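Here's the letter readout for the chains.
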Amino acid sequence: YVSADNVTISRFTIRKGGGYWGDGIDVCGDFVTITGNYISGNGVDGIDLYYSSNNNIITGNYISGNGEDGIYLCYSSNNNITGNYIWGNGEDGIYLGCSSNNNITGNNISGNNWYGIILVSSSNNSIIGNYISGNNWYGIYLDYSSNNNITSNTFQDDSIVIWGGDLSHWNTHTIENNIANGRPIYYYK
């Protein structure tokens, strides 16, 4: 559990954190760097950033086999999630809820039971240059979210799904240069 600012967690193996209901790493501080760790088999999430956890860096981690999400952000902004390997989690690879201005780039996300990346009520995030494959439901799921940039991602047996209740949930995204099963994804608005 990290509640302080300016902390670095590097080169650890983190397994079965907190028992059945625990996370591998809980962060509610700012300017925290989590890099080069092996995070697996935790009861809930591998890495959990919540309630105003901002300006953090999650990079180069191996995150697998957690009970729910590999990386979970809730009410968190301006975070960078780059170059991680995220696979085989019980729910999602990366979950963003009510979070904005985050960068998700260059990750390899595969074989999660629900979504590769899901955004719920989240806006102005960038999802760029990720490889997303073989997730059971969808590669990227935009749920009641707007103004997100989905660019230059490669999908294998996955794609992008949009859901919402307002026109802004459907027609404000930038979705370009994405490939699914070797073919381009087109987004018309």
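No experiment lies behind these values; they were computed from the predicted model shown.

J.: Sorry if this is basic, but what is going on with the pairing of strand 9 (residues 71-74) here?
T.: Across a regular strand the side chains alternate sides, sitting on one face of the sheet and then on the other. Direction of pairing for strand 6 (residues 47-50) relative to strand 9: parallel, over a ladder of four bridges. Within strand 9, the residue paired with Ile47 across the bridge is Ile71. In this sheet, strand 12 (residues 94-97) lies alongside strand 9 in parallel orientation, the contact comprising four bridges. Its bridge partner being in strand 12, Leu73 is matched across the sheet by Leu96.

J.: Please clarify how the environment of Tyr115 should be interpreted in this entry.
T.: Tracing the sequence through the fold places Tyr115 in strand 15 (residues 115-120). Look past the residues within four positions of Tyr115 in its chain and what remains in contact with it is Glu91, Asp92, Gly93, Asn135, Trp137, Tyr138, Gly139 and Tyr141.

J.: What's the story with the packing of aromatic side chains in this structure? I'm lost.
T.: Any two aromatic rings considered together are summarised by their centre-to-centre distance and by the angle between their planes. In this structure the tally under the stated criterion is 12 aromatic pairs. Ring geometry for Tyr38 and Tyr62: centres 4.8 Å apart, planes at 5°, overall stacked. Here the residue Tyr38 occupies a position in strand 5 (residues 38-40), and Tyr62 occupies one in strand 8 (residues 62-64), the gap between them amounting to 24 residues. Using a relative accessible area of 45% as the deciding quantity, one classes Tyr38 as partly exposed. The exposure class of Tyr62 is partly exposed, given its relative accessible area of 31%. When the ring of Tyr115 is compared with that of Trp137, the centres are 5.4 Å apart and the planes differ by 75°; the resulting orientation is edge-to-face.

Reading the values: rules and limits
- Residues numbered from 1 in each chain as written.
- Predicted model: local features only at pLDDT ≥ 70, side-chain atom pairs only at ≥ 80, totals over all residues.
- Heavy atoms only, no water.
- Pairing = 2+ DSSP bridges.
- Helix = DSSP H or I, 4+ residues; strand = E, 2+ residues; numbered from the N terminus.
- Contact = heavy atoms within 4.5 Å.
- Phe/Tyr/Trp six-rings, centres within 6.5 Å; stacked < 30°, edge-to-face > 60°.
- Buried < 20%, exposed > 50% of the residue type's maximum accessible area, 1.4 Å probe, protein only.

Interpretation in functional terms is not warranted from these geometric data alone.
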